[in-house]
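Descriptive analysis of the structure
Listed below, chain by chain, are the residues.
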Amino acid sequence: MTHEIELPIPVGDLVGPVIRDLARRSGHDLNRWLDQVHRLGGCREPLRLTGHSTTVDTCTGEVISRYTTKAEPHGQLLIRCGNRRASRCPACAETYRRDTFHLIRSGLLGGDKGVPETVRTHPRVLATLTAPSFGPVHRGPGKDGKTIVCHPRRTDPACFTWHKTGDPRIGQPLDPETYDYTGHVLWNAHAGDLWRRFTIYLRRHMAAAAGLTRKVFNGVVRLSFAKVAEYQARGVVHFHAVIRLDGRSCGTSLAAPPPWATVELLSDAIRSAVAAVRVDAPEYGPLAWGQQIDVATISPGALDHGTALSERAVAGYVAKYATKSAETSGTLDRAVRAHEIPRLHTMGIPDHAVRLIRTAWHLGNALSRPDLAHLRLRDWAHMLGFRGHFSTRSRAYSTTLGALRQARADYRLTQRANHERAFDPDTTLVLAHWKFAGQGYTPGEFALASGLASGPPNDPPPACPSLALVSPDGSDRFEITREEV
Ligand SMILES: [Zn+2]
Ligand SMILES: [Zn+2]
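Residues numbered from 1 in each chain as written. Chains lettered and ligands numbered in written order. Predicted model: local features only at pLDDT ≥ 70, side-chain atom pairs only at ≥ 80, totals over all residues.

Regarding the overall build of the protein
Within the protein one finds eleven helices and 13 strands. Here the protein, with 485 residues, has 37% of them falling under the buried criterion. (Helix = DSSP H or I, 4+ residues; strand = E, 2+ residues; numbered from the N terminus. Buried ≥ 20, exposed ≤ 12 C-beta atoms within 10 Å, placed from the backbone.)

Some details on helix α7 (residues 263–276)
Two residues of an α-helix separated by three or four positions point the same way, owing to the 3.6 residues in each turn. In a regular helix each residue adds 1.5 Å, so 14 residues correspond to 20 Å; α7 covers 20 Å between its end C-alpha atoms and thus fits that length. Along α7, the residues that are buried comprise Leu-266, Ala-269, Ile-270, Ala-273 and Val-274. Projection of α7 onto a plane perpendicular to its axis shows the buried side chains occupying an angular sector of 130°, all on one side. As for α7, its buried residues are in contact with β4 (124–129), α5 (181–209), β6 (237–249) and β10 (293–299). (Expected span 1.5 Å × (residues − 1). Arc of directions from axis to C-beta. Contact = placed C-beta atoms within 7 Å.)

A look at the pairing of β10
Across five bridges, the pairing between β4 and β10 is antiparallel. If you follow Leu-126 over to β10, its bridge partner there is Ala-296. Summarising the sheet, β10 and strand β11 (residues 309–310) pair through two bridges and their orientation is parallel. Considered in β11, the bridge of Ser-299 is made with Ser-310. (Pairing = 2+ DSSP bridges.)

Quick look at the pairing of strand β5 (residues 221–231)
Here β5 lies mainly inside the structure; eleven of its eleven residues are buried. Strand direction decides the pairing type here: β5 and β6, joined by eleven bridges, are antiparallel. By the bridge assignment for β6, Leu-223 is matched with Leu-245. As paired strands, β5 and strand β12 (residues 391–393) are joined by three bridges and run antiparallel to one another.

A short note on the packing of α5 against α7
When two helices pack together, their arrangement is given by the angle between their axes and by how far apart the axes lie. The N-to-C vectors of α5 and α7 enclose an angle of 130°; their axes lie 8 Å apart at closest approach. Compared by their axis directions, α5 and α7 come out oblique. Seen along the crossing, α5 lies across α7 with a hand that is right-handed. Residues Phe-198, Tyr-201, Leu-202, His-205, Met-206 and Ala-209 of α5 touch α7, and the partners they reach there are Leu-265, Leu-266, Asp-268, Ala-269, Ile-270, Ser-272, Ala-273, Val-274 and Ala-276. Broken down by class, the residue content of the contact of α5 with α7 amounts to twelve nonpolar, two polar and one charged. (Axes fitted to C-alpha atoms, helices over the stretch in contact; angles between N-to-C directions. Parallel < 35°, antiparallel > 145°, perpendicular 65-115°, else oblique. Left-handed = near helix turned anticlockwise from the far one by under 90°. Nonpolar A, V, L, I, M, F, W, Y, C, P; charged D, E, K, R; others polar.)

Things to note about helix α4 (residues 90–109)
Taking 1.5 Å of rise per residue, the 20 residues of α4 would be expected to cover 28 Å, and the 28 Å separating its terminal C-alpha atoms lies within 8% of that figure. For α4, a buried count of 14 out of 20 residues is recorded, marking the element as mostly surrounded by other parts of the structure.

Quick word on unusual backbone geometry
We note that Phe-160 has phi near 55°; this positive angle belongs to a residue other than glycine. The residue Phe-160 is located in the loop between β4 and α5 in this model. Looking at Phe-160, the number of C-beta atoms within 10 Å reads 7, which means it is exposed. Not every positive phi belongs to a glycine, and Leu-384 is a case in point at roughly 60°. Tracing the backbone through its elements, the reader meets Leu-384 in the loop between α9 (351–363) and β12. Given 28 C-beta atoms within a 10 Å radius, Leu-384 is considered buried.

Structure representation (structure tokens):
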């Protein structure tokens, strides 16, 4: 008589990757992992790091603490991805939005972060600079939210529909065949240059209006900027910028500007500088700003008055745009790959965005258009040609994002001193080496993390082990704060 011997089936073959992953997370591992996830504050795509850090007493040279990721689950430490874009990570984008809000606000209100309260008396405006038309597009509701009939120009085609907010046709060309796609992409690609030239012209025009040489003007007045880029529905960037006039006097930072440097002088110079700027695009011709320009005075108060905007409204407005990207115009939120170019329609991308991406790809061919190679249009095709920064400030405007991150790290260090051992950053030095080990959760972690509610979105983000950013080229260089992790 023979017995069939039943071989035990490996557990790993019976269970799916989720259960397998969860099974591995038991005991200490699970607790430590839960702790890490809690500190991520809802980050959707955390970075995984391996490495170690050593905290040294700078007076005695004594090693007072060592940390290595070897004891962590998977041997890796999870940290927040720090992505600015809400489409990629809502939790980290929210932190970025708050930081931007505080940066803009401190540049308007002062009394904080090294900016004196007297900045409230300086001339300040919120200027919106737009692109020109590249062909008529379907019109959505006006600024006041009221719908208007879609008839963009007197002579061009019209559709006579009253498009409501959210209508996917808003921003799409009425006649794609005659739309200037090349001009549109080239304009986006030169938007940063147009901005830079505008800031130079603005100083020149103000100096001329005040009857001063540029040298004398620059010696007594400083212009500070804080700007964000926003994509209009038609897929072209425009800029919202807080522009402030400061005086330069020896020994004082952010002194009051001279009495002749008024908000009227500033506003007039913004309009004339915008009208004067030209940037030449190879084989296309001069690119300029559009006719639509908005300059609103910022008033020192909590409420808007007529055409003047309140400081708070401006900070909120600017911060809101800081977490948006080109995807609001229907494009991808990542770089496009060559094999995707023929099948963009099947990826759910609207026709207008498809044409813009293909135009950028075509112009980005280094063999046929070596004159445009410096614009790296293939790398930025998903951004419809724009490769600039979304949120920038001149140095004198207020504090920096880095300084805010440091302030948060310092705050956590102080908080921790009450619970466990913390080190004084003035007398200790942290030596660290980190390597990028991947991004995102494993399937099991994802299932488990999704089940953990991370609190309502408006709660302050909980402390995370470290604040680090992956470099854009994906290499393992990080900005590590001096906080020991
Ligand atoms: Zn994140
Ligand atoms: Zn229409």
